[in-house]
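Per-entry structural report
So you can see what is in the structure, the chains are spelled out below.
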Amino acid sequence: MGKILVVTSGKGGVGKTTTSAAIGTGLALRGHKTVIVDFDVGLRNLDLIMGCERRVVYDFVNVVNGEATLKQALIKDKRLDNLYVLAASQTRDKDALTEEGVEKVIEELRKDFEYVVCDSPAGIEKGAHLAMYFADEAIVVTNPEVSSVRDSDRMLGLLASKSRRAVKGEEPIKEHLLLTRYNPERVIKGEMLGVEDVEEILAIRLLGVIPESQAVLKASNQGVPVILDDQSDAGQAYSDAVDRLLGKEVAHRFLDVQKKGFMQRLFGGRE
C-alpha cells in the first residue's frame, strides 16, 4: 500500500505547490511510482507548474462525484513514466469535496502508487482539512518570517489532533519541516528568522532549506518542476530534501552566505 504525503502550511504563498511538484517529481526520478493530487478546488495551480494544464479533461471533483473514473482523470507526465497528476476543479467551490469521496479516491490511489502527494490549499478550511486527514506523513512548508512560522505551528496542532490517525489513536503523522525562500544575507541583517530560530519554534525535523532563487519563478513559468533544473541552487536543495525524505543522510546546503569569486562578481552568478 502506498504512502500518503501531504504538503501543507498555514499561510498562502509559501511555495506548497512548487514543493508538491518538486517532491513528487523527485520521488518519481528515484523510481517510485508517484501521483500528485491538487486539493485546491477553485484555484488549481498544480497543472500549470507541472506543464499539463492543456491536458486536463476530468478533475478530482469529477472522480469524487462519479462523473469520471480515476483512469480518465489521471494525467501521465510526459517526462517521467511513473509520475501522474490529478488536477483540481477550477469551476467548483471548496465544498465540492466530501470526506467519503476523498477517502474512496485516496484508497484507490494508494493501491496503485507508492506515493500519493497531496497538494493542500492554505489555511484550515475544508480542502486543507481533507488533504491532511488521510496523511501518513506531512511536509509543513514555511517561510522564515514570524507570521508564517506561527501559522505553521497551528497546522502542526491540527495534524496532531484532527487527522484520521489522531482520531483513531494510531501512530501520529510523521512531520517534516521545509523552509522556503531562505536568504542568509537577510538573516544576518535581522530581516528574516534563521534556521535555528524556526527549528526551535516548531520543534520538528528539518527536511530541507530552499534558498530564495529566480530559478523557482522561471521553472513555474515554463511549467517545469524546479527539481529538474539540477544546475540551480533551489533544484539541488529540493533534490537533497527528497533524499532525506527517503531516509538518506544528506548535509544541508545554502544556509550560509555564498562568497562570490571574481568572475561571478564581474558577470553575475547564476541563481
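So, here's what we can say about the structure. (Residues numbered from 1 in each chain as written. Predicted model: local features only at pLDDT ≥ 70, side-chain atom pairs only at ≥ 80, totals over all residues. Heavy atoms only, no water.)

Digging into the overall build of the chain
Using the following cut-off: Under the DSSP-based scheme used, a helix requires at least four consecutive residues in state H or I and a strand at least two consecutive residues in state E, with every element numbered from the N terminus. Only C-alpha atoms enter the radius of gyration, while the globule expectation follows 2.2 Å times N to the 0.38, with N the number of residues. Classification of residues uses two cut-offs on accessible area relative to the type maximum, computed with a 1.4 Å probe and protein chains only: under 20% is buried, over 50% is exposed, and between them is partly exposed. The criterion used for residue contact is that any of the two residues' heavy atoms lie within 4.5 Å. Areas reported here follow the Shrake-Rupley algorithm with a probe of radius 1.4 Å; residue values treat only the protein chains shown as occluding.
For the chain, the count of helices and strands is 13 helices and eight strands. Compactness check: the chain gives a C-alpha radius of gyration of 18 Å against a globular reference of 18 Å for 271 residues, within 12% of the reference. Expressed along its principal axes, the backbone C-alpha trace of the chain runs to roughly 60 × 40 × 35 Å. Classification of the 271 residues of the chain by burial places 54% in the buried group. Expressed as a percentage of contacts within the chain between residues at least 6 apart in sequence, the contacts between residues at least 24 apart total 75%. If you sum the accessible surface of the chain, you get close to 12800 Å²; carbon and sulfur atoms cover 48% of it.

Some remarks on the nonpolar core
Note the following rule: Take the buried Ala, Val, Leu, Ile, Met, Phe, Trp, Tyr and Cys residues and link them wherever side-chain atoms come within 4.5 Å; each set so joined is a nonpolar core.
Counting residues in hydrophobic clusters, the biggest one holds 48 residues, and the most contacted among them are F39, F60, L97, L109 and V116. Among the elements that make up this core, the one with the highest residue count is helix 7 (residues 146-161) (five residues). Dropping the residues within four chain positions of it, L97 is found in contact with F39, V41, F60, V61, V64, V102, K126 and L130. Within the second largest apolar cluster, 37 residues are counted, among which are L46, A219, A237 and L245.

Thoughts on the packing of aromatic side chains
Basically, it comes down to this: In this scheme Phe, Tyr and Trp rings, the latter by its six-membered ring, pair at centre separations within 6.5 Å, and the angle between planes marks the pair as stacked below 30 degrees, edge-to-face above 60, and tilted otherwise. A positively charged side chain is recorded as over a ring if its NZ (Lys) or CZ (Arg) lies within 6 Å of the ring centre. The angle to the ring normal must also be within 35 degrees.
A full pass over the atoms with the stated rule returns three aromatic pairs. A centroid spacing of 5.0 Å and a plane angle of 85° characterise the contact between F39 and F60, whose relative ring orientation is edge-to-face. Placement of F39 in the loop between strand 2 (34-38) and helix 2 (46-49) and of F60 in helix 3 (residues 60-64) is noted, with a sequence separation of 21 residues between them. Since its relative accessible area comes to 0%, F60 is described here as buried. Considering the side-chain rings of Y133 and F134, the 4.9 Å spacing of their centres and the 90° angle between planes classify their relative orientation as edge-to-face. For the pair formed by Y133 and F134, the shared burial category is buried. For K33, the ring lying beneath its charged end belongs to F113, and the centroid distance is 4.9 Å.

Regarding unusual backbone geometry
The backbone phi angle of A203 is positive, close to 55°, even though this residue is not glycine. In this fold, A203 is placed in the loop between helix 10 (195-202) and strand 8 (205-211). For A203, a relative accessible area of 63% translates into the label exposed. In this structure, F254 takes a positive phi of about 65° despite not being glycine. Within the secondary structure layout, F254 lies in the loop between helix 12 (233-245) and helix 13 (262-267).

Notes on helix 6 (residues 126-133)
The element helix 6 is extensively covered by neighbouring structure, given that six of its eight residues are classed as buried. Residues of helix 6 that are buried include every one of G127, A128, L130, A131, M132 and Y133, and no others.

Considering the sheet that holds strand 1 (residues 3-8)
For clarity, the threshold we go by: When DSSP finds two or more bridges between two strands, those strands count as paired.
Read across the sheet, eight strands follow the order 3-4-2-5-1-6-7-8 without closing on themselves; strand pairing throughout is mixed. Looking at which strands have only one partner, the edges of the open sheet turn out to be strand 3 (75-76) and strand 8. One ladder, built from five bridges, connects strand 1 with strand 5 (residues 115-119); its direction is parallel. What sits directly across from V7, in strand 5, is D119.

Some words on the pattern of salt bridges
Note on pairing: side chains with opposite charge can pair once their charged atoms come close. So the rule is basically this: One side-chain nitrogen of Lys or Arg within 4 Å of one carboxyl oxygen of Asp or Glu is enough to make a salt bridge.
Counted by the stated rule, this structure contains 12 salt bridges. Across the salt bridge formed by R164 and E103, the nearest N and O atoms sit 2.9 Å from each other. Of the two residues, R164 is situated in helix 8 (residues 164-167) and E103 in helix 5 (residues 99-112); the sequence distance between them amounts to 61 residues. When the shortest N-O distance is used, the salt bridge between D240 and R253 registers 2.9 Å.

Topic: the side chain of D77
Here is the rule we go by: For the purposes of these results, a polar contact is taken to be a pair of N or O atoms within 3.5 Å, where, inside protein, one atom must be able to donate a hydrogen and its partner to accept one; residues adjacent in sequence count only when each atom of the pair is a side-chain atom.
With respect to the element layout, D77 can be found in the loop between strand 3 and strand 4 (83-86). Within the local environment of D77, its side chain forms a polar contact with the backbone nitrogen of L80, the two atoms lying 2.9 Å apart. With sequence-adjacent residues up to four places away left out, D77 is seen in contact with M50 and L83.

Interpretation note: all reported values are geometric properties and have no functional meaning in isolation.
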